[in-house]
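Spelled out, the chains give:
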Amino acid sequence: MELPKALLDPPWARRPAPLPAGDEPIIVPGLAAPDGRAIVWEPGEREAWAAVRPYGSWQDGEWEEAAEEFRDGRMGYEPTRAGFLAQAPEHLARPLLAGWDPHVTWDFDHSLQPIVARFETAAWDVAVRLAKQNPYGTGPVVLPFLSADVARMVADWLYRLKSAQELAHAWFARHGLAAVPYLVPDALGKRVGPRRGAVKALRIIEGDVVEAARVHGDEAAGAVARLLAAAPPDTAPVEPPVRAPSLPKWLDAGALPRPVLRDGGELPGEAARNLLLALTVSPAARLDVTGVVDGAARVCEPESLTAFVWAQFEAWQAAGMPKGSGFVLSALGRFGDDVVVRRLAPLVKEWPGRSGGYSSAVQGLEALVDIGTDLALTHLNGIARKSRYKGLRGEAERKLAQVAERRGLTAGQLADRLVPDFGLDADGTLTLDYGPRRFVVGFDEQLRPQVSDEGGARRKALPRPGAKDDPELAPAAYRRFAELRKDVRAVASAEVARLESDMVGGRAWTRAEFGAFLVEHPLMWHLARRLVWLGGDRAFRLAEDRTFADLHDETVDPAASADVRIAHPVLLGDSLAAWSQVFADYEILQPFPQLGRPVHALADGEGKNGRLERFEGPTVPTGRILGLTRTAWRRGAPQDNGIEHWVSRTLAPGVTVVVDLSPGIAVGYVDLNPVQKIERVWIGAAPGDPSRAIPDGLAGVDPVLVSETLADLTSLTAS
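All of the points below concern the structure found in this document. In every chain, residue numbers begin from 1 and rise along the written sequence. Per-residue local features are limited, in this predicted model, to residues with pLDDT of at least 70; the limit for side-chain atom pairs, both in listing and counting, is 80 or more; totals at the level of whole chains, interfaces and linings are taken over all residues. Derived side-chain values reflect all non-hydrogen atoms in the structure, with water molecules and hydrogen atoms excluded from consideration.

**A look at the overall build of the protein chain**
Thinking step 1. By definition, any uninterrupted DSSP run of H or I lasting at least four residues is a helix, any uninterrupted run of E lasting at least two residues is a strand, and each is numbered from the N terminus. On a plain count of helices and strands, the protein chain comes out with 30 helices and 15 strands.
Thinking step 2. Oriented by its inertia axes, the alpha-carbon framework of the protein chain measures out at about 100 × 75 × 50 Å.
Thinking step 3. Categorising residues by exposure relies on relative accessible area from a 1.4 Å probe, with only protein chains included: less than 20% of the type maximum marks a residue as buried, more than 50% marks it as exposed, and the intermediate range marks it as partly exposed. A burial count over the protein chain gives 49% of its 719 residues as buried.
Thinking step 4. Within the protein chain, contacts between residues at least 6 apart in sequence are counted, and of these 68% link residues at least 24 apart.
Thinking step 5. The method behind every accessible area is Shrake-Rupley, applied with a 1.4 Å probe, and residues are considered shielded solely by the protein chains displayed. Looking at the protein chain as shown, the accessible area adds up to about 33,900 Å², and 50% of this sits on carbon and sulfur atoms.
Thinking step 6. Only four residue types enter the tally: Lys and Arg on the positive side, Asp and Glu on the negative side, with His and both chain ends excluded. Think of each charge as sitting on NZ of Lys, CZ of Arg, CG of Asp or CD of Glu. With 82 positive and 95 negative side-chain charges, the protein chain shows a separation of 5 Å between the mean positions of the two kinds. Contact criterion: two residues are considered in contact whenever any of their non-hydrogen atoms come within 4.5 Å of each other.

In structure tokens, the structure reads:
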């Protein structure tokens, strides 16, 4: 197989075309561009930029902590930092903006727009610097900017960048004659680079350019007139030579395993080095290395490319994960597979706990998205649900939301589709063939694997292959079981927690979704058959033959149009005890408390005055209150001295249950006040002012949410 030309002759090795000769210069010394900076908005533009949805979100009470994470580097992902600056209270955001020095290699215009709209010239320096680094992807943020430095920068783009022609023309069309005074000193100056850009810019501006140049005197105006009269035919911008990529000192190209060609042999050493160099090039760079990377993918065995980039990753780890090496994780995203996913995902979960590791963790999430297999997205989903690092959970949630949006799905619908079947048979089992004997793997209510022999007798564990077993089949089956156990363990607890959350939140599935992703799914079936469901108003369980069975084991068939949801015990009413007896008779263990879940309701007259007074007065450990925030409760906004005086849970639009605390939780030092007195529990439209409690505020609220909230408060105040 002939190697692609790009692998042998990469774009950085090609001789660039010569730059075109410029016009004869006309020099007028001593000219200076006007001082000052102005932002010139078009009608409605500032409002549109301010309305751009920023990356990340924070609740009231989280701003101070988030600001501290920004300062100390724990908030390391630049889109998140930009989102904070766009949304945080101004007394927190403005000082942080002044010292913000983001290092990004991707398009950043979208992230900067709400910041520029909010702070205008205070965001000037960072916006201009990032635009200069990435004219095509970030340059649009300077469209409203008017100053000498921006005029020179955009004129330079106009002269030499093909990718920025539309943007440069748009900038000069917007500012028109107002830009002329900023361009004339360069157009009539000695420096060749600025002069070429300024001259070309003056020649595309419409209107009386000569008169606009007269602010610099008649001599300058006359010189500009001669420049315009001598304009040659328009020429396309010419890119200057690109700088060849280089390998970091910690990476020894010769130590990496050479990729294997599909038709035999190894990728030649120089071609392998070119591939490695191409992988270091940022997507935002002017250098297009697509031919190199895609060419390697076309002629090399995928497994060998995976080994190649994984060896590079291990070298990066051995060097202490030096910064500025995001290409390492991007390469895993390009050539990684499920083996890489199993190795990478546990590391991503731990990196935020290391100094400077948060940004690597976020890049690791990007790699999982780029790998894109069901297993990769399943691990991403697990991080979004279970990571002990709040920031990483949020980043994973946002990436899942982006994946779901691209696929036209809700987050729940995407999560359904991310559960792998792990190669299980349709009945939810896996048969392991040792040759003379076989074993069957099933799963319990927590999705823990259970092993039985062919006769159905339960075994404590899968036996190791013995001397009488097939020497090839048995070891392969044993490895298959070890891999299955590890893969299922990675998703089991997250799936159990997801279904419990779906029950509390009242999520509904269509009949088709219910059948495809729960009843017929080889793994989720083991959970679904251990729950009571509602199809419309009809309760049922899944029988062994996967039909729908009611309390009396009669087959039921809910209407095809009826949505299906997990039955919260509140919704089972008087049939709850009977359903509990059915599950006890069949010895069905449930994956989470459903039928045995405590059911709570308001006492007669409770809440009429907007208070839940039975929970007021006790003193409880601060840690127990913080435990509530692992679910739907949120900490309050810091008040004087950084003290949070409440936690709250929103049950419906305009209906929030608030628990007022004394002395309150100290931000960043929760141990300062180890116990809290529950001063009052009230219902209002929002936290903060208990005098605005809503009488009978829980009337009409979903009884499931009321029960869950009362259960939380009961547990909180239990002695």
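Resuming the write-up.
**Focus: helix α6 (residues 109-119)**
Side chains three or four residues apart in an α-helix point the same way, a direct result of the helix having 3.6 residues per turn.
Thinking step 1. With 9 of 11 residues buried, α6 lies mostly within the body of the structure.
Thinking step 2. Of the positions making up α6, those classed as buried are Asp109, Ser111, Leu112, Gln113, Pro114, Ile115, Val116, Ala117 and Phe119.
Thinking step 3. Positioned one or two residues after α6, Glu120 has a phi angle of 50°, which is positive.

**Examining the sheet that holds strand β15 (residues 675-684)**
Thinking step 1. Pairing between two strands requires that DSSP report at least two bridges joining them. Taken in spatial order, the 5 strands make up an open sheet running β11-β15-β14-β13-β12, and their pairing is antiparallel. Both edges of this open sheet fall to β11 (619-621) and β12 (634-635), since each of them pairs with a single strand only.
Thinking step 2. Relative to strand β14 (residues 655-666), strand β13 (residues 643-652) is paired through 8 bridges, and the arrangement is antiparallel. Paired with Ile643 across the strands is Ala666, a residue of β14.

**Notes on the side chain of His526**
Thinking step 1. Relative to the helices and strands, His526 resides in helix α26 (residues 525-528).
Thinking step 2. Judged by its relative accessible area of 6%, His526 falls in the buried class.
Thinking step 3. Excluding residues within four positions of it along the chain, His526 makes contact with Gly428, Phe443 and Leu447.

**Structural notes on the packing of helix α7 (residues 124-133) against helix α9 (residues 148-160)**
Thinking step 1. To obtain an axis, a line is fitted to C-alpha atoms, over the contacting stretch when the element is a helix, and the angle between two such axes runs from 0 to 180 degrees between their N-to-C directions. The interhelical angle for the contact between α7 and α9, taken along N-to-C directions, is 15°, at an axis separation of 11 Å. Between α7 and α9, the angle falls in the class roughly parallel. α7 and α9 meet at a crossing whose hand is left-handed. Here α7 contributes Trp124, Val128, Ala131 and Lys132 to the contact with α9, which in turn contributes Asp149, Val150, Met153 and Trp157.
Thinking step 2. Residues were grouped as follows: Ala, Val, Leu, Ile, Met, Phe, Trp, Tyr, Cys and Pro as nonpolar; Asp, Glu, Lys and Arg as charged; and all remaining residues, including Gly, as polar. Considered class by class, the residues forming the contact of α7 with α9 number 6 nonpolar, no polar and 2 charged. Angle categories: roughly parallel below 35 degrees, roughly antiparallel above 145, roughly perpendicular from 65 to 115, and oblique for all the rest. What makes a crossing left-handed is the near helix being turned counterclockwise from the far one by less than a right angle; a clockwise turn instead makes it right-handed.

**Focus on the sheet that holds strand β9 (residues 548-549)**
Thinking step 1. Across the sheet, 4 strands lie side by side as β9-β8-β7-β10; this open sheet has antiparallel pairing. The two strands at the open ends of the sheet, each matched to only one other strand, are β9 and β10 (564-566).
Thinking step 2. With 3 bridges joining them, strand β7 (residues 533-535) and β10 adopt antiparallel strand pairing. Bridging across to β10, Gly535 finds its partner in Val564.

**Overview of the pairing of β15**
Thinking step 1. Two elements, β11 and β15, share 3 bridges in a ladder whose sense is antiparallel. Paired with Val620 across the strands is Gln676, a residue of β15.

**A short note on the side chain of Gln594**
Thinking step 1. For Gln594, the location among the structural elements is in the loop between α28 (576-585) and β11.
Thinking step 2. Those residues in contact with Gln594 that sit more than four places away from it in its chain are Met503, Leu531, Val532, Ile566, Ala567 and Pro569.

**Side note on the nonpolar core**
Thinking step 1. Core analysis: the biggest nonpolar cluster contains 132 residues, and Leu344, Phe514 and Trp533 have the highest contact counts within it.
Thinking step 2. Considering every element that reaches this core, the biggest residue donor is helix α24 (residues 473-505), with 11 residues.
Thinking step 3. Core analysis: the next-biggest nonpolar cluster, separate from the first, contains 71 residues, Ala82, Ala88, Leu167 and Leu202 among them. We call a set of buried Ala, Val, Leu, Ile, Met, Phe, Trp, Tyr and Cys residues a nonpolar core when their side-chain atoms join them within 4.5 Å.

**Details of the pattern of salt bridges**
Where side chains of opposite charge bring their charged atoms close, a pairing between them can arise.
Thinking step 1. Whenever Lys or Arg places a side-chain nitrogen within 4 Å of a carboxyl oxygen from Asp or Glu, that contact is recorded as a salt bridge. Scanning the model with the defined rule gives 38 salt bridges in all.
Thinking step 2. With its nearest N and O atoms 2.8 Å apart, the salt bridge here joins Arg498 to Asp416. Here the residue Arg498 occupies a position in helix α24, and Asp416 occupies one in helix α23 (residues 411-417), the gap between them amounting to 82 residues. The same class applies to Arg498 and to Asp416, which are both buried.
Thinking step 3. Shared partners join several salt bridges into a network, and the residues in it are Asp416, Glu495, Arg498, Asp502 and Arg507.

**As for the packing of aromatic side chains**
Thinking step 1. Each pair of aromatic rings taken from Phe, Tyr and Trp, with Trp reduced to its six-membered ring, is defined by centres within 6.5 Å and is described as stacked if the planes are under 30 degrees apart, edge-to-face if over 60, and tilted in the remaining cases. Considering all chains together, one arrives at 20 aromatic pairs under this definition.
Thinking step 2. Their ring planes at 40° and their centres at 5.7 Å tell us that Trp58 and Trp63 sit as a pair that is tilted.
Thinking step 3. An aromatic cluster is defined as three or more aromatic residues linked by ring pairs; in this entry it consists of Trp509, Phe514, Trp533, Phe540 and Phe548.
Thinking step 4. Two conditions define a charge sitting above a ring: the NZ of Lys or the CZ of Arg must be within 6 Å of the ring centre, and it must be within 35 degrees of the ring normal. Residue placement shows Arg81 over the ring face of Phe70; its charged tip is 4.0 Å from the ring centre.
Thinking step 5. For the cation-ring pair, Arg546 lies above Trp525, with the distance from its terminal atom to the ring centre recorded as 4.2 Å.

**What about helix α25 (residues 511-519)?**
Thinking step 1. If you check which residues of α25 are buried, you get Glu513, Phe514, Phe517, Leu518 and Val519. Along the long axis of α25, the arc covered by the buried residues comes to 155°, so they all point the same way. Regarding the arc, it is the one traced by the directions from the helix axis to the C-beta atoms.

**With respect to unusual backbone geometry**
Thinking step 1. Here the residue pair Ser662 and Pro663 is connected by a cis peptide bond, since its omega of 10° sits within 30 degrees of zero.
Thinking step 2. Of note, Pro663 is situated in strand β14.
Thinking step 3. Its identity as a non-glycine residue notwithstanding, Phe422 has a phi of 55°, on the positive side.
Thinking step 4. Position of Phe422 among the secondary structure elements: in the loop between α23 and β3 (430-433).
Thinking step 5. For Phe422, a relative accessible area of 11% translates into the label buried.

**A closer look at the pairing of β3**
Look at any regular strand and the pattern is simple: side chains alternate between the two faces of the sheet.
Thinking step 1. Side chains Leu430 and Leu432 of β3 all project onto a buried face; the interleaved residues Thr431 and Asp433 project onto a face where none is buried.
Thinking step 2. Of the strand pairs in this sheet, β3 and strand β4 (residues 438-443) are connected by 4 bridges, and their pairing is antiparallel. By the bridge assignment for β4, Asp433 is matched with Arg438.
Thinking step 3. Between β3 and the antiparallel strand that follows it, β4, lie 4 residues; Gly435 among them carries a positive phi value of about 100°.

**So, the environment of Arg71**
Thinking step 1. For Arg71, the location among the structural elements is in helix α3 (residues 63-72).
Thinking step 2. As a C-alpha pair, Arg71 and Val675 span 604 residues in sequence and 29 Å in three-dimensional space.
Thinking step 3. Contacts of Arg71, omitting those with residues within four sequence positions, involve Leu92 and Leu96.

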